[in-house]
Every structure is written in structure tokens, then in C-alpha cells.
Protein chains: 2
Amino acid sequence: MKGALSLVQTLVASGVDVCFTNPGTSEIHFVAALDAEPRMRAILGLFEGVVTGAADGYARMAGKPACTLLHLGPGLGNGLANLHNARRARVPLVNIVGEHATYHRALDAPLTSDIEAIASAVSGWMRTSKDAASVAADGAAAVAASYGPPGQVATLILPADTQWEEGGAPAAPVTRPAPVAPDPDRVVAVARALREAGSAGALLMNGAAVSEAGMTLAGRVAATTGARVFTDTFVTRAARGAGRVNGERLPYLGEEAMALLSGTRHLVTVGTKAPVSFFAYPGMPGELTPEGCHVLSLADPSDDGVGALEALVEALDAGSAVPVTEPEERPSLPTGPLRATYVARALAHMLPDNAIVVNEAATQGRPVPGLLAHSAPHDWLDLMGGAIGQGMPAATGAAVACPDRKVISLQADGSGMYTLQALWTQARESLDVTTVVFSNRRYAILEMEYQRVGAGDPSPTTKSLFDLSHPDLDWVGLARSMGVDGVRATTAEELVTGLRRGLEEGGPYLIEAVL
Amino acid sequence: MKGALSLVQTLVASGVDVCFTNPGTSEIHFVAALDAEPRMRAILGLFEGVVTGAADGYARMAGKPACTLLHLGPGLGNGLANLHNARRARVPLVNIVGEHATYHRALDAPLTSDIEAIASAVSGWMRTSKDAASVAADGAAAVAASYGPPGQVATLILPADTQWEEGGAPAAPVTRPAPVAPDPDRVVAVARALREAGSAGALLMNGAAVSEAGMTLAGRVAATTGARVFTDTFVTRAARGAGRVNGERLPYLGEEAMALLSGTRHLVTVGTKAPVSFFAYPGMPGELTPEGCHVLSLADPSDDGVGALEALVEALDAGSAVPVTEPEERPSLPTGPLRATYVARALAHMLPDNAIVVNEAATQGRPVPGLLAHSAPHDWLDLMGGAIGQGMPAATGAAVACPDRKVISLQADGSGMYTLQALWTQARESLDVTTVVFSNRRYAILEMEYQRVGAGDPSPTTKSLFDLSHPDLDWVGLARSMGVDGVRATTAEELVTGLRRGLEEGGPYLIEAVL
């Protein structure tokens, strides 16, 4: 059989049965192979940033990789920012990049570029297939590599002739590897430190550890030792809401994070590392661990965070401790002219059970996680790599992974403009995504950062670089023009009506909250 | 002074006074320096693909570089496809990428990535600044490097502390280098070959050689020797239209290009290289030069193509030869239900003098260059690197470079969706760009390539990957939602009315030609 078909069959047999793509001529034989293997679901994105961001969101919810199919170096470049985010999220992702036929590269045709150099910046594993006979094994190796641990972007570069030549044969399917057992020495050391530290002890969590199982275990540790439970500012997929241990998010601003951690003598990391500030600022520290605080790793990102917490609970004899969970406290519905906090209030009032909340709301979304902690149980997904334009694509991928769950996409307007094409894929695939655009019509975070870095007061010229008005963006118009219905809200009542429409009916819907 | 200000002052003194940007926190001090140096015009793009594509279009028309200002590795990634196109266009471009402060990199904060690896794929020159004292000299070196020859992307990576620290001082300004004199031996050899070959001789031109001066000289060579005059399929900036030597474009399809070149015994390249096919196809050759044809380079892309043609004309004593120019033959206006060819006809009927035509019309735009050859004189700009999503950004940059000229942006719908955010910048800057979207609602080129690579007939599933309907895109709605007015045309009459509105009034306007 052709190399392409052997690859597609191997991927499907390994559980990789969703392909987010925007293909080109050099990937046409892969596309043709889909005709012979209908178990692979191919989903078109109108821009590669949608494709790779969807693969990130999919992997977080499905717990397994999707594959991408990208068109040469430029297609990879277009998808690079969301591959960067996926790398930071440590999700498994099989990133397939078409390439010119092996013998065509030397001719330096217009689309020729150094794909490996570009891919190296985001890939934990990378291979360029040599021929049709080896491409299936390369695909299996890519799936295996994507699982890590920790999960990573595995990039398979696929010359056109390795797809179209005969001589391929499916490779043995790959399964997800078992988690690595926790290190007993670390468990003992952490148990001793937390027992000794009492309320001066703390857990800092991310990755699998912020699942419901992981947070419940952390809650038992806290109940037994007095330790505080923190999560990173941005979490891959956190089980949050009433009746659960939510932990406390480290604030984005370094000085606030340091104030919160102040007094901690033993900081135990689970699935993450010691906290650092997002950016450097003149005269401010980059490492946020308080002076004199001892950092212990219970589980590195590559370790089994939940297993390590189970061992810790056992070592502390905390199995019957009752964790402190969040009470349900839904706010009343807001009324009157719209304010940013009203989105949080309305959503916390109305949130259905078991929703997936994808957060790229930036500055205007700050009140949301605090209020949702006391609303319905939900999964919460953050942008992990700081590269904006991941939210709507990730919501798209999450909805593909979980067709029976409501996805709520909280989207800052400036970031949303990076990959607005995601709305079209939501419409085409009838995905159940309710998007709220926080339309404050500026890069508010840059206005804030301008002050924080000590640059003084911006001139009108400089201010215009942070400004998204002149002209205003019409998000409802953009969405409708891509097949997604929506409504503009300038009052709390319009917001509530729009949210209700989005949450009660299926399919995609968008609310532009004009702030 | 701060490093950032020393850099901005050096750029401006070197003639680099337009900065296309989407900045972030790590570039805030560069932004702040703009307040102290108002001669630098900063133009915001809502996505980095707009920023880098605009810098490409600007450089083609201004003949000098703009600078970009991009946010770390992800911002560079978002702009990478259009930097690839700029690399292939051999335009000068000063690509400035912000980076974490030098001492912050080791902390591996979320936005940290290997910027140099990514930039290496598109940059002919690259440097990471070390401190505030050296950053101005680095900027001057980047400007000098961007000129080549040939022109290239010069990437300056700018850690945040090199911007905010004191100790900077402006560096000596850089000027454009003089062109390299032609090689007399090549001129003699080419003159001899063309004299001998007669009508079996041919010139293949690109770069500066397809300017009005270069094409006129080529026309004299043709009139004297009988040689044919070809241009590459895609040209950087060609002076075309009635009264000019237009040459014959090599067709995109390899088999058609080979048929056209058949019988050529001496192929003389001027500012380009021997032709190769865009992609590889099973069983088809990649090199398109006819068997037995001798390829001679009169001027490499790094050489002075116009100067070499002047020397050739002198060697052939062809200075008084009268070149064959295109007669003016404007077609009548079309009527009735819209067809793809009607855009070419209506445009050829109405084209104003001295327009700039930016072509990313793909399959549906094929009739345009043939008809425009007999219409008003104009500059014609193609996508050079094959990475779609360059057209509307390049039109934006061309309009910034030439505020007194009408820019016509011919845009395929699938490609246009890659960087549609360019329309917002056109609105904000009131740029005089008339966009025609060829809305055939599919990736027609992929349907064609599917056949050509021998993959058989696509299934409905596969066909859906080439299909942009379900839902249809509403281009007028998209444009209006970003502040650009427009009209949908389903008849020739609507097209003509829309084109007239676009061409006769200033500012941006969009016509969706539904095909």
C-alpha cells in the first residue's frame, strides 16, 4: 500500500483518529488516504493557528493526541504559536508537516524552507520520514513520543514521495504508557517537611495533579498538615467548582504572587516547578519563591502527580481526612449597564453542570475564576504558553473531544482577533461552544505593562498601539460572517439573554460583551 | 540614553521610518522610545502575519526596508509565513523580535522559546543584542544587511534589558549600497549566444530586471536578436501594461511551462535562476529547462540586473532598437451573471494609470495579467514564496509606501482568510486599497492538484477539505466588521459598480465577487 495509507491506518489503530488540518499539494496523498480509512475524522481549519490550537484543546480533554496535517514550513509557521502553547501545556500532539518530495528539495522551489529548524523550537521529538516503507513506523514512534512523559509535541515531517510511493505497511499500534511510579524518597521528605511546617507549608500544583482526584488528595494533605494549596496562575485542565477543592491561583503579577506566598517555608511542587514571573521588570525579581523558603518537588511534570499525592496521603495517614471544598454560592443576576465583572456574575449564576470553560479572557476576565469556584463543577483550561490566539481554537478542539459537554469560550478581543477563523470551524462542525468576547477594545494588559516597566505616560501615538477602536471591531458581524450567530450586549440584561441562548441551545453562539 | 531610543534614532537616520508592529510587554520600551522619535511611523496590525506581509509590500514599493516589531518567538512564528515570502521576494526587511531580558531567559518563563532557531529559517542575517551600548550598532548592521545584495530579512533579537538600560548612543546611519557592476565576461558570452540562437534564444527575468527600465532593455535585446522575453511565473514587482514590454509569464503548471520553453537553445537568466516546478509530481520532472537547452546567467539575483542588461544592449549594439511594446486594447465592460473572467475584463476596462496591483487571486485570477497587459501602465506584485495570506497585508504595506497611488488587491478567498485582519489596518490608516475577493468558496487549486498527483477522484469527505462553503463566508460582512465598506457582486453590473466605487473614491473598499 501507499505510505500515506499505512501511516493513517497506524495512527487510527493507535487511537489517533482526529486530524485537524489545512492541507496543501504536498499533503494531498495523506488526504487521499483518508478516503480509504474513514475512521480518521478530518476537520478543516481556515488557518493553521486554528488547527494547532484545536489539537491542544482536544488533547487536554481527550487525554490522547490528535494529529495535525500542515503544509510545509509556512503552514508550520502559521501553527507555531499554538504549538508553543501546546508544548507549555505538555499535551500529547502528533504534529504532521508535509514536505517536498525528497528529490525535489534540492531544487529550492518557492515553498522550500528549513522545516526542522522551525519545528525544533516546539518539538520534544522530531523525525523526517525517509521512504514509504518506514513512514508507518515513524508515525507509531511519533504517537509514542507524544505521550512523553510528560506529553509533548512530536513532529513528523512527511516528504510527498513517502506518501505516494508503494511499499508501506501498517506498524504495530501504540498505547498510552503507564504512569511512572512516585519516588518514595521524595514522598518521605515531603511528608516530613509538611508535618513540620504546618501552615507554613504549601503545595503548588499543575498538570494531572489539578484533576478532581489530585485536588481531593491535596485537600486531604491540607486538612491533615495545615498546608495551603495553590495552583499555578495558568493550569492545563483544572477540575473546579462547588463541592471540589479548588486551591488558590497564584496571581499573574509577581509582586502579588510573592505577597501570597509570603511566610511559606516549604513549598512542595506537584506537576510543576518553582514559580517565576511571566516577564522581567527593571529592578524586580524573576523568581517568586520567598527568601528562605525551601522548594521540594513531590512530582516533576514528567511524573505521576496523582500517584505521588496518593503516596503522600498514605505517608501522612491522611486517607480519612476531610478536604475543605468550596460551597455553592451562586451570585444574583446583574442588572443595568454592562461592567466586566457582570460576565463573571452572570456566568456563575447560570453555569450548567460539567461545562468546559476555556479561558483567554485576559485582564477583563480576572473576576471569573473566583466566582466560578462556587458555581457548578466544571473543567477550566488556561492558555499555557502566553501566546495569544489559543482560546477559540482550543474551545473548538475541546468541543470535538467532548461532544456531550457545553464548552464556554471566554475570549479577550485583542487575542481573539489572532485566530478568529476558529468560529468558522465551530459552525461547520456544529460544535456546542458559547463564546463570550470581552470587548474592551484595547490591549489593556499593555497599558498596564507600560506603567509597570517604568516607561512613564504613553503619548497619544503610543496609546494608539494599544487601542483596538478606530475602527471598532464588530464581533457579532465577524461571527455571523463565518456562520456563527450572536448578539451584542451593552447591558446586563442583554448579556443574560445572550448567555441563556448560548447555554440552553446547542451549536455555536457568540456574545460580544461591550465593556 | 536608553538602548531603545538609540536604536530607533539609528533606524530613522538610516531611512527606516515605518514600523509595522504588534508589540507586547517585552517590546514596551521600544514602543516608549517612539514617543521621543516621532519621525518613526508605527502601524498596528492585529496579527503578525499582517505586520510582516505589510513590510514585504512596503519594501517592494519603497525600495527600502520597513522594520517590524514582534513579540518573542510566538509573534515571530505568527509572522513567519510572510517573512518566508519576503525572503523569496528578496526584499530588504529589518525584522525586530523582542526577547526576555538577558537574565530572565534561564528561568524558562512561559513565553521563552528558541527565537534564533525559528528566525534562522527566514533570515539572511541574524543577531541577538548583548546590551544597551551595542543595540544601535546592531540596528545599523541589520539595516545594512537587509540590503544584501540581494535584499534579505535581517533579524535583530532585542532582549528587554537592552532596550531599557541606559548607555545607548545612536550609531552612524546606513545608506543603500551601490549596485554591483555586471561581469563583462558574462555579458560577452550572453551576447554571443543570443546572436547565434536567434529565436531559439530567450531571456528569463525577475527582480529589478522586470522594472520598466529592465524590460525596455530586454525589449531592445529581443528586437535585435530575435530572443523571446519571459518572466518568472511570480514576479517581485513588474512594470506592466500598455506601452511597455511586458514579457510572457511562465505558466504555473510545469508541463505548460515546458511546452512554452520548448525549442529554446539558450536560456539567459536575469535576476533569477533556471525554472523549477512549484511542487513535485509522481513521474514528472522538477527542472523545466528543455533538454539540451543551455542556461546562462547574465545576472544573479544578487547582481545589478538592469546594469547587466545595459551592458548587454551595448555589447549587441542594440541601443537604438525599438522594443515591441503592448498596444492599449481595453475590453468592453462585461454584462450578465458573474464569471471569474469578468473581474479581469472589468478591471482591464477601468484600470487607472499608475495603479499598484497586488496579486493573490490564485486559480480564479489567471485571466487577469493577460488582459491588464493591454490596459493602463501599472506595477504588478506577486506572492513570491507560495505561502498564502500575503496579498492583503502586502497591499496594506504598498499603500503605506505609496499614498498617492491606487492599490488594487486581488485576493482569493481561501488565502484571504489567512490574514483577513489586514482590512482593519487599511481602515485605521485610511489606505487607498480596493480589494476584490474572488469568492469561489473552495480551495480550487487543491481540487486541481488532487487530480494532478494521481490520487483519483476525491470522496465527499475529502472534497469537504477543499470546500469553503457550509457555511459560506460573507466577505462584505467580514470587511464591514473591521471598518471597511464593501459590496457583494453576483452580476457583472454589480461588479462594475463596486469597482467604480472602489477606484473613484479614496480609502479602503472591498468587492466580493461571488463566482
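Conventions we followed
Residues numbered from 1 in each chain as written. Chains lettered and ligands numbered in written order. Predicted model: local features only at pLDDT ≥ 70, side-chain atom pairs only at ≥ 80, totals over all residues. Heavy atoms only, no water. Helix = DSSP H or I, 4+ residues; strand = E, 2+ residues; numbered from the N terminus. Polar contact = N/O pair within 3.5 Å; in protein donor to acceptor, adjacent residues only side chain to side chain. Salt bridge = Lys/Arg side-chain N within 4 Å of Asp/Glu carboxyl O. Buried < 20%, exposed > 50% of the residue type's maximum accessible area, 1.4 Å probe, protein only. Pairing = 2+ DSSP bridges. Axes fitted to C-alpha atoms, helices over the stretch in contact; angles between N-to-C directions. Contact = heavy atoms within 4.5 Å. pLDDT = per-residue confidence, 0-100. Core = buried A, V, L, I, M, F, W, Y, C linked by side-chain atoms within 4.5 Å. Least-squares fit on C-alpha atoms with pLDDT ≥ 70 in both. Buried area = accessible area lost by both parts, 1.4 Å probe. Parallel < 35°, antiparallel > 145°, perpendicular 65-115°, else oblique. Left-handed = near helix turned anticlockwise from the far one by under 90°.

Along the chain, the position of Asp382(A) falls in strand β14 (residues 378-382). Side chain to side chain, Asp382(A) and Arg249(A) meet in a polar contact 3.4 Å long.

On to the pattern of salt bridges. According to the stated counting rule, one finds 58 salt bridges over all chains in the structure shown. The residue Arg186(A) makes a salt bridge to Asp300(A) at a minimum N-O spacing of 3.0 Å. Here Arg186(A) is found in helix α8 (residues 184-197), whereas its partner Asp300(A) is found in the loop between β12 (294-299) and α11 (305-315), with 114 residues between them in sequence. The salt bridge partner of Asp382(B) is Arg249(B), with a shortest N-O separation of 3.4 Å. Within this pair, whereas Asp382(B) is found in strand β14 (residues 378-382), its partner Arg249(B) is found in strand β10 (residues 248-249), the two being separated by 133 residues in sequence. Looking at Asp382(B), the relative accessible area reads 1%, which means it is buried. Residue class for Arg249(B) comes out partly exposed when judged on its relative accessible area of 23%. Members of the salt-bridge network, linked through shared partners, are Arg441(A), Asp472(A), Asp474(A), Arg488(A) and Glu512(A).

So, on to the pairing of β14(A). Residues and elements named next belong to chain A. Most of β14 is tucked away: 5 of the 5 residues are buried. Residue alternation in β14 divides its side chains into two sets, His-378, Trp-380 and Asp-382 and Asp-379 and Leu-381, and both sets are buried. Where strand β9 (residues 238-240) meets β14, 3 bridges bridge the pair, whose relative direction is antiparallel. Residue Arg-240 lies in a different strand from β14, and its bridge partner there is His-378. Relative to β14, strand β13 (residues 355-360) is paired through 5 bridges, and the arrangement is parallel. Of the residues in β14, the one forming a bridge with Val-358 is Leu-381.

Let's shift gears to the sheet that holds strand β17 (residues 486-489) of chain A. Residue and element names in this part refer to chain A. Reading across from one edge, β9-β14-β13-β15-β16-β18-β17 is the order of the 7 strands in this open sheet, with mixed pairing throughout. Edge strands, defined here as strands with exactly one partner in the open sheet, are β9 and β17. For this sheet, the mean inter-axis angle between neighbouring strands, taken without regard to orientation, is 20°. Sheet strands in contact with helix α12 (residues 340-350) are β15 (407-412), β16 (433-439) and β18 (509-514), and its direction is about 160° off that of β16.

On to the confidence of the model for chain A, then. Mean pLDDT for chain A: 96, with 100% of residues reaching 70 or above. Across the assembled chains, the prediction reports ipTM 0.98 with pTM 0.98.

Grouped together as the largest cluster of nonpolar side chains are 135 residues, with contacts concentrated most on Leu11(A), Phe30(A), Trp475(A), Leu11(B), Phe30(B) and Trp475(B). Every residue in contact with Leu11(B), bar those within four places of it in the chain, is listed here: Val16(B), Phe30(B), Met40(B), Cys67(B), Val94(B), Ile96(B), Gly139(B) and Val143(B).

Residue and element names in this part refer to chain B. Tracing the sequence through the fold places Gln-364 in the loop between β13 (355-360) and α14 (368-372). Here Gln-364 falls in the buried class, since its relative accessible area comes to 16%. Only 3.1 Å separates the side chain of Gln-364 from the side chain of Thr-363, close enough to count as a polar contact. Setting aside its immediate chain neighbours within four residues, Gln-364 contacts Ala-340, Phe-438, Asn-440, Ala-444 and Leu-515.

With that out of the way, let us pick up the relation of the copies chain A and chain B. Once chain A has been moved 0.0 Å along the axis and rotated by 180°, it coincides with chain B to within an RMSD of 0.0 Å. This pairing of chains is accounted for by a two-fold axis. Same-surface contact between copies: 100% of interface residues of chain A are shared with the interface of chain B.

Moving on, we come to the environment of Ala140(A). Residues and elements named next belong to chain A. Along the chain, the position of Ala-140 falls in helix α6 (residues 135-146). Separated by 224 residues in the primary sequence, Ala-140 and Gln-364 have C-alpha atoms spaced 43 Å apart. Each residue touching Ala-140, except ones within four places of it in the same chain, is listed here: Thr-10, Ala-171, Ala-172 and Val-174.

Okay, the interface of chain A and chain B next. Between chain A and chain B, the residue contacts involve 92 residues of the former and 92 residues of the latter. In total, chain A and chain B occlude about 7,600 Å² of area from one another, counting both sides; carbon and sulfur atoms represent 65% of this. Across the chain A-chain B interface, the total number found is 4 salt bridges. One salt bridge connects Asp467(B) with Arg428(A), and the closest N-O pair in it is separated by 2.8 Å. Where chain A meets chain B, there are 50 residue pairs in polar contact (both at pLDDT 80 or more). Elements that contribute at least two residues to the side of chain A that touches chain B include exactly α2 (28-36), β2 (41-44), α4 (72-89), α5 (115-120), α16 (422-428), α17 (444-452), α18 (460-464) and α19 (475-481) of chain A. Residue contributions to the side of chain A that touches chain B peak at 9 residues, all from α4(A).

A few words on the pairing of strand β11 (residues 266-270) of chain B. Residues and elements named next belong to chain B. Within β11, 5 of the 5 residues are buried, which leaves the element mostly enclosed by the surrounding structure. The alternating pattern of β11 places His-266, Val-268 and Val-270 and Leu-267 and Thr-269 on opposite faces, both of which are buried. Where strand β7 (residues 201-205) lies against β11, 5 bridges are found, and the strand directions are parallel. Along β11, the bridge assignment pairs Met-205 with Val-270. The pairing of β11 with strand β12 (residues 294-299) spans 5 bridges and is classified as parallel. Residue Val-270 lies in a different strand from β12, and its bridge partner there is Ala-299.

Residues and elements named next belong to chain A. Packing of helix α3 (residues 48-62) against α4 leaves a shortest axis separation of 6 Å and a crossing angle of 20°. Judged on the interaxial angle alone, α4 and α3 are roughly parallel. Here α3 runs over α4; the crossing is right-handed. Contacts from Glu-48, Gly-49, Thr-52, Gly-53, Asp-56 and Arg-60 of α3 reach α4 at Gly-75, Asn-78, Gly-79, Asn-82, Leu-83, Asn-85, Ala-86 and Ala-89.

All names here are of chain B. On the basis of which strands lie adjacent, the open sheet formed by 7 strands has the order β9-β14-β13-β15-β16-β18-β17 and mixed pairing. Of all strands in the sheet, those with a lone pairing partner are β9 (238-240) and β17 (485-489), marking the two edges. Ignoring which end each strand starts from, the neighbouring axes of this sheet average 20° apart. Alignment of strand β15 (residues 407-412) against strand β16 (residues 433-439), held across 6 bridges, turns out to be parallel. Bridging across to β16, Val-407 finds its partner in Val-433. Along the sheet, helix α15 (residues 391-401) makes contact with β13, β15 and β16, crossing β15 at roughly 175°.

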